[in-house]
Amino acid sequence: MTPGEMVAVFVAGTSAGAINTVVGSGTLITFPVLLATGLPPVTATVSNALGLIPGSISGAIGYRSELSGQRRRILKFGVGALLGSLTGATLLLALPASAFETIVPVLVGLALLMVALQPVISAKVRSRREKAGRTARRDGGPLLFIGLMLASVYGGYFAAAQGIIYMSLMGILLDEPLQRLNATKNVLAALVNTVAALFFLFVAEFDWTAVALIAVGSAIGGQLGARAGRRLRPVVLRTLIVTVGTVAIVQMLVT
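Predicted model, so just to flag it, every value in this text is computed and none were measured.

Definitions and limits used
- Residues numbered from 1 in each chain as written.
- Predicted model: local features only at pLDDT ≥ 70, side-chain atom pairs only at ≥ 80, totals over all residues.
- Heavy atoms only, no water.
- Helix = DSSP H or I, 4+ residues; strand = E, 2+ residues; numbered from the N terminus.
- Buried < 20%, exposed > 50% of the residue type's maximum accessible area, 1.4 Å probe, protein only.
- Areas by Shrake-Rupley, 256 points an atom, 1.4 Å probe, with all protein chains shown as cover.
- Expected span 1.5 Å × (residues − 1).
- Contact = heavy atoms within 4.5 Å.
- Axes fitted to C-alpha atoms, helices over the stretch in contact; angles between N-to-C directions.
- Left-handed = near helix turned anticlockwise from the far one by under 90°.
- 1 Å grid on protein atoms, 1.4 Å probe; cavity = no way out; pocket = protein on both sides within 12 Å on 5 of 7 lines; lining within 4 Å.
- Points joined across faces, edges and corners; volume = space filled by probe spheres on them.
- Nonpolar A, V, L, I, M, F, W, Y, C, P; charged D, E, K, R; others polar.
- Phe/Tyr/Trp six-rings, centres within 6.5 Å; stacked < 30°, edge-to-face > 60°.
- Core = buried A, V, L, I, M, F, W, Y, C linked by side-chain atoms within 4.5 Å.

### Quick notes on the overall build of the chain
Now for step 1: Secondary structure assignment for the chain yields 12 helices and 0 strands.
Now for step 2: Expressed as a percentage of the 255 residues in the chain, the buried residues total 51%.
Now for step 3: Approximately 11,700 Å² of the chain is accessible, and the part contributed by carbon and sulfur atoms is 69%.

This is the structure:
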């Protein structure tokens, strides 16, 4: 890499770390930059996954107060994330790069719609539950577990916008403030990135300069994102998620 390319990768990593902590979709910043430096797509994907691990962990630490009381839930979701990320990482090496090009924008679009309509949908779900005399399950039930596991398959494959999918599913199926869900999302994203990257260590080729630059940048960005994101009101956070996700869909469709 040239010095200019190294600066670009570092800045992209910092931006991705911040955006991933608050919303998700940071990969849509780092991945094109890595491709622009001349890295092959698979090398860029696996180097990006490994480099973003410190950012995911940094963001989760920044949200540690919102994680209080969620240990059992995260342990359960973590099992699904583990299985899903390993499956997704395997698919990355087994399938052609174009395999998810059609389904990914649709998947993210549905997730954005669910995020935007979450207050209305959640209110209706609570109303039906109250009429039936049922109480909300703290873990969201089997539907949420399966949904998060499938989202982790996608996360292990590419990772872009996986946080938006996590937030949409949890926002509808859990009675929790949006910031607490965001904290859970950061832990799951950290787990998926870590598991996928460790898998790639044994079977794929990395660009270690790119990994180091993204790692340092994303760790800084994770802290910056946590400080900013925790101050956002739910309606602002929801609007930000939808805005960033829409930009992500447009980028996926035009590239």
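### Regarding helix α5 (residues 71-94)
Now for step 1: The end-to-end C-alpha distance of α5, which contains 24 residues, comes to 34 Å, matching closely the 34 Å that a straight helix rising 1.5 Å per residue would cover.
Now for step 2: On its buried face, α5 is in contact with α3 (41-51), α8 (141-157), α9 (162-173) and α10 (178-203).

### Thoughts on the side chain of Ser152
Now for step 1: When you line up the elements, Ser152 lands in helix α8.
Now for step 2: Ignoring anything within four residues of it in the chain, the contact list for Ser152 reads Gly80, Ala81, Gly84, Ser85, Tyr166 and Val192.

### Structural notes on the packing of helix α1 (residues 3-22) against helix α11 (residues 208-229)
Angle between the axes and distance between the axes are the two parameters that describe a pair of packed helices.
Now for step 1: Orientation of α1 relative to α11, taken along the N-to-C sense of each, is 35 degrees, at an axis distance of 6 Å. α1 and α11 meet at a crossing whose hand is right-handed.

### So, empty space enclosed by the protein
Rolled over the atoms, a probe with the dimensions of a water molecule shows which regions are left empty.
Now for step 1: Inspection of the entire model under this criterion finds 2 cavities of 30 Å³ or more.
Now for step 2: If you add up the space inside the largest cavity, you get close to 160 Å³.
Now for step 3: Around the largest cavity, the lining is made up of 20 residues, and of these Asn20, Ser56, Gln162, Ala189 and Asn193 lie nearest the centre.
Now for step 4: Looking at which element gives the most residues to the lining of the largest cavity, the answer is α10, with 4 residues.
Now for step 5: Of the residues belonging to the lining of the largest cavity, the class tally is 5 nonpolar, 14 polar and 1 charged.

### Quick word on the packing of aromatic side chains
Now for step 1: Tallied over the entire structure, the rule returns 2 aromatic pairs.
Now for step 2: Geometrically, the ring pair formed by Phe199 and Phe200 is edge-to-face, given 6.0 Å between the ring centres and 70 degrees between the ring planes.
Now for step 3: For Phe200, a relative accessible area of 1% translates into the label buried.

### Let's talk about the environment of Ala197
Now for step 1: Its place among the elements puts Ala197 in helix α10.
Now for step 2: On the basis of relative accessibility, which here comes to 0%, the residue Ala197 falls in the buried class.
Now for step 3: Counting along the chain gives 152 residues from Ala197 to Thr45, while the straight-line C-alpha distance between them is 9.7 Å.
Now for step 4: Contact partners of Ala197, with chain neighbours within four places excluded, come to Ala49, Leu50, Ile53 and Phe206.

### Observations concerning the nonpolar core
Now for step 1: Judged by nonpolar contacts, the single largest core of 46 residues is most densely connected at Leu34, Phe77, Leu144, Leu148, Tyr166, Met170 and Phe200.
Now for step 2: In terms of residues, this core owes the most to one element, α10, which gives 7 residues.
Now for step 3: Among all residues touching Leu34, those that are not within four sequence positions of it are Val9, Leu39, Ala44, Asn48, Ala210 and Ile214.
Now for step 4: By size, the runner-up hydrophobic cluster in this structure holds 5 residues, among which are Tyr63, Leu67, Ala183 and Ala226.

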